[in-house]
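Listed here are the chains, written in short residue letters.
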Amino acid sequence: MKKFDFFNQYRDPVIVVKGYEQVVFKNNTFCHVFKHFEDLRKFAHRMNFDMCPMDSENVDLFSPVFQAVVSKENFFARVFYSSLNQKTVFYDFTAVKRGDYTIMFFVDVSSDVMLKDNQKEREVFQNKLSKLEEENDELQKIRQKAQSQAIRIALINKVSNIIRESMDISVILNSALKELAIMFGCFRTYYASADDTGFCVREVYGEKSLAKDTQIRFDAYTMKQLKNNRISISYSLMEYTDAEAFKQSVLRVIVPVFHMQKMIGVLVLLSYQKRELNEEKEILEAVSSQLGNAIIRAELYQKNAKNVKELKSALNELKETQLQLINSEKMASLGQLVAGVAHEINTPVASIKSNNSIISKLISKIEQDDLREMFTQVNAIDSEAIQRISNIVVSLKKFVRLDESELQEADINKELNLTLDLIMHETKNRIEIEKNYGDLPLVKCYPNMLNQVFTNILVNACQAIEGSGKIVITTSYQDDNLIVKFKDNGKGISKENINKIFTVGYTTKGVGVGTGLGLAISQKIIDKHNGKINVISEVGVGTEFIITIKCK
């Protein structure tokens, strides 16, 4: 039964019996020690002690186990147990009555009993038994006290688990206050946070006569104790300064709650019971310490709770941005740097262009024919180079489109041509590009992102072709779907690797060549467009990527 689970903390065997012989609980140690336990009757008949009832015909009562079961009082005996291998083990056997339940404890004392000389062993046993009989009443009190303390510790563990598991201040406080109220028999418990003027009630359990957010103060002597991190225990008619008096004095316990060296609040326990609190102080101090840390942790959590969704979104964006920044496959490394690079290139190019224009005007004034002809050729070459640089910068700007983060209509055929212009260094004089462009409508998309996908696929295709080869690009529009196909005659992808190509970090290009991010990013981009990307490949024949995007 779950209510007896805390006995699993005991290092000694514990068994709980209901009625005459119904076993309702065995702790872990019992199951380990008595591995061959079948039922209570067989177990009991293997356990004996020297004393037995004189006038009973019930053979069960010759066993200390059934003696304990039928006894109306708590029961203790030194017993010996004969195991299946005929080994005898001695136990201090204690049985505690709790309603219909008999809780039995077995403490192994074999090392104290098994002495070399059998006669001395018996004498020692008789002496111990006699002493135990004399101290039986005191031992029972100690046992009961230990059981009571165990129950309290179990409750504290329960509070500790709740404190550790929850990030809700209200749940933490309410659970702690409830358990403390049960443990100390309180009619009201509450937590008040410390402020500049005194304390403010934050959570109340029990009688709700004290409202939340009530400002309260305590007398100077009590405050001195609290500031010195001492628990204040008193019988008082006043709950706090200026409060309405009780009709009778109540036990008032005020526990300071500290975090680091600062008092952040107090726990107040009110009870009509008259009792001494000695060992319970340690329990209250333990709860206070854990509660202080939990409250600060929960407050920090709640302060940031409003930003959790934004942080998650930012984290996802950061991960995708990080993938793009570290991608060594060209497009993933362009990012937002391209606009700055283009600007930096344009500035010196504009200066060179201006100088070139001035030189062209001065050439006609050169008198030497051969010198004038040489400057004319140099000037023409420079003009062509300047124009080429300008065209590349314009293409880069169009390709990246850092200022176009919204969906927009784009001509996919033109976007493909733009991409091909930028990767011309990969295809020039080596790879034939065959364009089978269909008649496409303008498609709503993120053009810069699609350009990145096209670049990743085309560069991969170029790198897969050893020597010369061919890439066929086909576009079509069918049933409101944009379809773009890239087919190469490269070395192809093996069957065992084809399912890995979209996995982050997977690459076949070797260290320093590929990062394994290009196709992973491409798949994310196509997902963002509510599309899909498929691949068909055969080793030695080539690979075909098919992109399908639903446009309506």
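Residues numbered from 1 in each chain as written. Predicted model: local features only at pLDDT ≥ 70, side-chain atom pairs only at ≥ 80, totals over all residues. Heavy atoms only, no water.

A. Expanded view of the confidence of the model for the chain. For the chain, the mean per-residue pLDDT works out to 81, and 82% of the residues sit at or above 70. Considering only residues more than four positions removed or in separate chains, one finds that residues 327-335, a stretch of pLDDT under 50, has 36 contacts. (pLDDT = per-residue confidence, 0-100. Contact = heavy atoms within 4.5 Å.)

B. Main features of the sheet that holds strand β17 (residues 481-488). Strand order in the open sheet made by the five strands is β14-β16-β17-β19-β18, with mixed pairing throughout. Strand pairing shows two members of the sheet lacking a second neighbour, β14 (431-436) and β18 (531-538), which therefore form its edges. Ignoring strand direction, the axes of neighbouring strands in this sheet form an average angle of 15 degrees. In this structure, β14 lies alongside strand β16 (residues 469-478), joined through six bridges in parallel fashion. What sits directly across from E434, in β16, is V472. The sheet strands contacting helix α18 (residues 518-528) are β18 and β19 (542-550), and the helix crosses β18 at an angle near 140 degrees. (Pairing = 2+ DSSP bridges. Helix = DSSP H or I, 4+ residues; strand = E, 2+ residues; numbered from the N terminus. Axes fitted to C-alpha atoms, helices over the stretch in contact; angles between N-to-C directions.)

C. Representation of the packing of helix α14 (residues 412-422) against helix α16 (residues 447-464) within the structure. In contact at an axis separation of 10 Å, α14 and α16 are set at 50 degrees when each is read in the N-to-C sense. As summarised for this structure, α14 and α16 are arranged oblique, according to the angle between their axes. In the crossing of α14 with α16, the sense of the turn from one axis to the other is right-handed. Residue-level inspection shows I412, E415, L416, L418, T419 and L420 of α14 in contact with α16, the latter providing P447, L450, N451, F454, T455 and L458. Looking at the contact of α14 with α16 residue by residue, the classes come out as eight nonpolar, three polar and one charged. (Parallel < 35°, antiparallel > 145°, perpendicular 65-115°, else oblique. Left-handed = near helix turned anticlockwise from the far one by under 90°. Nonpolar A, V, L, I, M, F, W, Y, C, P; charged D, E, K, R; others polar.)

D. Geometry of the sheet that holds strand β9 (residues 215-216). If you trace the six strands from one edge of the open sheet to the other, you get β9-β8-β7-β12-β11-β10, paired in antiparallel fashion. Where the open sheet ends on each side, the last strands, each with one partner, are β9 and β10 (232-236). Sheet topology places strand β7 (residues 188-194) next to strand β8 (residues 199-206); seven bridges connect them, and they run antiparallel. Looking at the pairing, T189 lines up with Y205 of β8. Relative to β8, helix α7 (residues 169-184) is tilted by about 60 degrees, and along the sheet it contacts β7, β8 and β12 (262-271). Of the strands in this sheet, β8, β10, β11 (250-259) and β12 are in contact with helix α8 (residues 220-227), which crosses β11 at around 40 degrees.

E. Main features of the side chain of R78. By the element assignment, R78 lies in strand β4 (residues 75-82). Engagement of the side chain of R78 in a polar contact is seen with the side chain of D92, the distance being 2.3 Å. In this structure R78 touches F49, Y91, D92, V109, V113, F125, K128 and L132, once residues within four positions along its chain are discounted. (Polar contact = N/O pair within 3.5 Å; in protein donor to acceptor, adjacent residues only side chain to side chain.)

F. Just the pattern of salt bridges, in detail. On inspection of all chains with the given rule, the structure shows eight salt bridges. A salt bridge links K470 to E434, with the nearest nitrogen and oxygen atoms 2.5 Å apart. A residue pair is termed long-range when its members are at least 10 positions apart, and K470 in strand β16 and E434 in strand β14 qualify at 36 residues. Since its relative accessible area comes to 26%, E434 is described here as partly exposed. (Salt bridge = Lys/Arg side-chain N within 4 Å of Asp/Glu carboxyl O. Buried < 20%, exposed > 50% of the residue type's maximum accessible area, 1.4 Å probe, protein only.)

G. Spatial organisation of the pairing of β4. Most of β4 sits inside the fold, with six of its eight residues counted as buried. Of the pairings in the sheet, the one linking strand β3 (residues 47-48) to β4 comprises two bridges and is antiparallel in character. Bridge pairing in β4 places N48 opposite F80. The pairing of β4 with strand β5 (residues 88-98) spans eight bridges and is classified as antiparallel. In the strand pairing of β5, A77 is matched with F93. As consecutive antiparallel partners, β4 and β5 are separated by five residues, and within that stretch Q86 has a phi angle of approximately 65 degrees, a positive value.

H. Representation of a negative patch on the surface. Judged by side-chain charge, E133, E134, E135 and E138 come together as a negatively charged surface patch. Along the polypeptide, E135 turns up in the loop between α5 (118-134) and α6 (136-165). (Patch = residues over 30% accessible without salt bridge, like charges linked within 9 Å, V, L, I, M, F, W, Y side chains within 5 Å. Areas by Shrake-Rupley, 256 points an atom, 1.4 Å probe, with all protein chains shown as cover. Lys, Arg positive; Asp, Glu negative; His and termini not counted. Charge placed at Lys NZ, Arg CZ, Asp CG, Glu CD.)

I. Up close: the pairing of β11. Among the 10 residues of β11, nine are classified as buried, and the element is accordingly described as predominantly covered. Note: β10 against β11, five bridges, orientation antiparallel. Note on β11: the bridge partner recorded for S232 is I254. One ladder, built from nine bridges, connects β11 with β12; its direction is antiparallel. Its bridge partner lying in β12, V257 is registered against G265. Counting the residues between successive antiparallel strands, the hairpin from β11 to β12 contains two residues, one of them, M260, with a positive phi of roughly 60 degrees.

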